[in-house]
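Observations on chain architecture
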Amino acid sequence: MARKRQSNFSIALDELINGKDASAEAPKTEADTAAPKVEPVAAPKVEPTPVAKPEPKPEPKPQPKPKPAPAPKPAPEVKVAPKKPTEEEIAAMETLINAETIINGSIVSKNALRIQGTVEGDVSTTSAMDVSGDITGKIVAKELNLSSGTVEGNVNCVENMTMDSDSMILGDISAKELVLDGKVKGNVNVGGSVIIKSNSVILGDISAATIQMEQGSTVCGKISITSNEKKIDENLFVRKKKNEK
């Protein structure tokens with residue numbers, strides 16, 4: 001390598017001195033004949049092609065939420081007028097006057113009455129009445145049952161009436177049907193039948209369509225059987241002469 005540089009230098013010096021192109025005459029060395037070195041050319045920088053950014057998709061507009069359907073209005077309350085009880089339903093209801101109760105005054109009712117206490121006044125109902133207490137006053141009832149009860153006053157019973165052996169009435173009795181086993185001081189007027197049981201004591205007249213008396217009962221008064229009044233012909237009591245037919 002040092003030799004090549006020296007020969008080249010010698011050639012260049014001869015050209016300067018002699019004015020000749022020493023390189024033309026000088027034999028070409030292997031280094032001279034060698035292909036010229038090609039300086040590597042730097043590849044041009046290729047700028048990366050900018051990738052177009054995708055346009056952002058527009059965000060969907062929020063859809064308005066559907067308004068909730070209005071709640072159904074509650075149906076207006078229909079006020080039903082309370083049903084009036086029938087006469088039968090009223091009669092089935094019962095009003096109790098217990099044994100510890102004392103009433104000074106009259107009682108008028110459509111309900112059934114159960115009187116165990118004391119009432120000083122008239123008592124009236126269009127339904128049944130059960131008396132095991134004491135009443136000082138008149139009684140009017142559809143049906144009447146005296147069980148260990150005492151009444152000081154007249155009694156008017158539209159239908160059936162019963163008295164047990166521990167009951168007592170100081171007054172007149174009017175009824176459709178009567179079953180009596182207690183004590184009565186007053187007249188008894190019955191449209192239908194009267195059954196006078198063995199414990200009965202009656203101080204007064206008795207009038208009824210039919211009368212049945214048990215042995216042991218006591219009646220101090222006149223007894224009338226009303227069912228035969230219309231059937232009796234007065235001509236039956238007229239004495240006929242023997243010659244008359």
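Here, residues in each chain are numbered from 1, in the same order as that chain's written sequence. The predicted origin of the model limits local features to residues at a pLDDT of at least 70 and limits the giving and counting of side-chain atom pairs to 80 or more, whereas totals for whole chains, interfaces and linings rest on all residues. Where side-chain values are given, they derive from all heavy atoms of the structure, hydrogens and water being excluded.

With respect to the side chain of Asp181
The topology assignment puts Asp181 in the loop between strand 16 (177-180) and strand 17 (183-185). Categorising residues by exposure relies on relative accessible area from a 1.4 Å probe, with only protein chains included: less than 20% of the type maximum marks a residue as buried, more than 50% marks it as exposed, and the intermediate range marks it as partly exposed. When charges are tallied, Lys and Arg are placed among the positive residues and Asp and Glu among the negative ones, while His and the ends of the chain are skipped. A pair is scored as a salt bridge if a Lys or Arg side-chain nitrogen falls within 4 Å of a carboxyl oxygen belonging to Asp or Glu. No salt bridge is formed by the buried Asp181; its nearest oppositely charged neighbour, Lys197, is found at 5.8 Å. The contact criterion used throughout is that any non-hydrogen atoms of two residues lie within 4.5 Å. Apart from the residues lying within four places of it in its own chain, the contact partners of Asp181 are Met163, Asp164, Ser165, Lys197, Ser198, Asn199 and Ser200. Going along the chain from the N terminus, every DSSP run of H or I of four or more residues is numbered as a helix, and every run of E of two or more is numbered as a strand.

A few points about the pairing of strand 16
Side chains Leu178 and Leu180 of strand 16 all project onto a buried face; the interleaved residues Glu177 and Val179 project onto a face where none is buried. Any two strands with at least two DSSP-identified bridges between them are counted as paired. The pairing of strand 13 (residues 160-163) with strand 16 spans four bridges and is parallel. In the strand pairing of strand 16, Asn160 is matched with Glu177. Here strand 16 pairs with strand 19 (residues 193-196) via three bridges, running parallel. Across the sheet, Leu180 pairs through a bridge with Ile196, a residue of strand 19.

Some details on the sheet that holds strand 23 (residues 218-220)
In sheet architecture, strand pairing relies on hydrogen bonds along the backbone and comes in two forms, parallel and antiparallel. Spatial ordering of the open sheet is given by 2-5-8-11-14-17-20-23, a layout of eight strands whose pairing is parallel. Edge positions in the sheet fall to strand 2 (102-104) and strand 23, since each has one partner strand and no second. As paired strands, strand 20 (residues 201-203) and strand 23 are joined by three bridges and run parallel to one another. Following the sheet pairing, Leu203 is matched in strand 23 by Cys220.

Structural notes on the sheet that holds strand 7 (residues 128-131)
Ordered by their spatial adjacency, eight strands build an open sheet running 1-4-7-10-13-16-19-22, and the pairing between neighbours is parallel. With partners counted over all chains shown, the strands left at the sheet margins are strand 1 (94-97) and strand 22 (210-213), one partner each. On average, adjacent strands in this sheet sit at an angle of 10° to one another, irrespective of strand direction. Sheet topology note: the strand 1/strand 4 (residues 112-115) ladder contains four bridges and is parallel. Orientation is described by lines fitted to C-alpha atoms, with helices fitted over the stretch in contact, and by angles between N-to-C directions that extend from 0 to 180 degrees.

With respect to the environment of Ala141
Within the fold, Ala141 resides in strand 9 (residues 139-141). Sequence spacing of Ala141 and Asp130 is eleven residues, and the spatial spacing of their C-alpha atoms is 9.7 Å. Ignoring anything within four residues of it in the chain, the contact list for Ala141 reads Thr125, Ser127, Met129, Asn156, Cys157 and Val158.

Concerning the pattern of salt bridges
What the rule picks out here adds up to two salt bridges. With a shortest N-O distance of 3.2 Å, Arg114 and Glu94 are connected by a salt bridge. Of the two residues, Arg114 is situated in strand 4 and Glu94 in strand 1; the sequence distance between them amounts to 20 residues. Arg114 gets classed as partly exposed once you look at its relative accessible area, which sits at 31%. Judged by relative accessible area, Glu94 falls into the partly exposed class, the value being 47%. Here the salt bridges share partners, and the residues they tie into one network are Glu94, Arg114 and Asp130.

Examining the environment of Gly216
Turning to its location among the elements, Gly216 is positioned in the loop between strand 22 and strand 23. Each C-alpha atom of the pair Gly216 and Lys197 lies 7.8 Å from the other, and the pair is 19 residues apart in sequence.

A short note on the nonpolar core
Core analysis: the biggest nonpolar cluster contains 31 residues, and Met129, Leu144, Met161 and Ile173 have the highest contact counts within it. Setting aside residues no more than four positions away along its own chain, Ile173 makes contact with Val155, Met161, Met163, Leu178, Leu180, Val184, Asn187, Val188 and Asn189. Here, the term nonpolar core denotes a set of buried Ala, Val, Leu, Ile, Met, Phe, Trp, Tyr and Cys residues that are joined through side-chain atoms within 4.5 Å.

Points about the pairing of strand 7
When strand 4 meets strand 7, the two strands line up parallel, connected through three bridges. Paired with Arg114 across the strands is Asp130, a residue of strand 7. Of the strand pairs in this sheet, strand 7 and strand 10 (residues 143-146) are connected by four bridges, and their pairing is parallel. Counted as the bridge partner of Val131 is Leu146 from strand 10.

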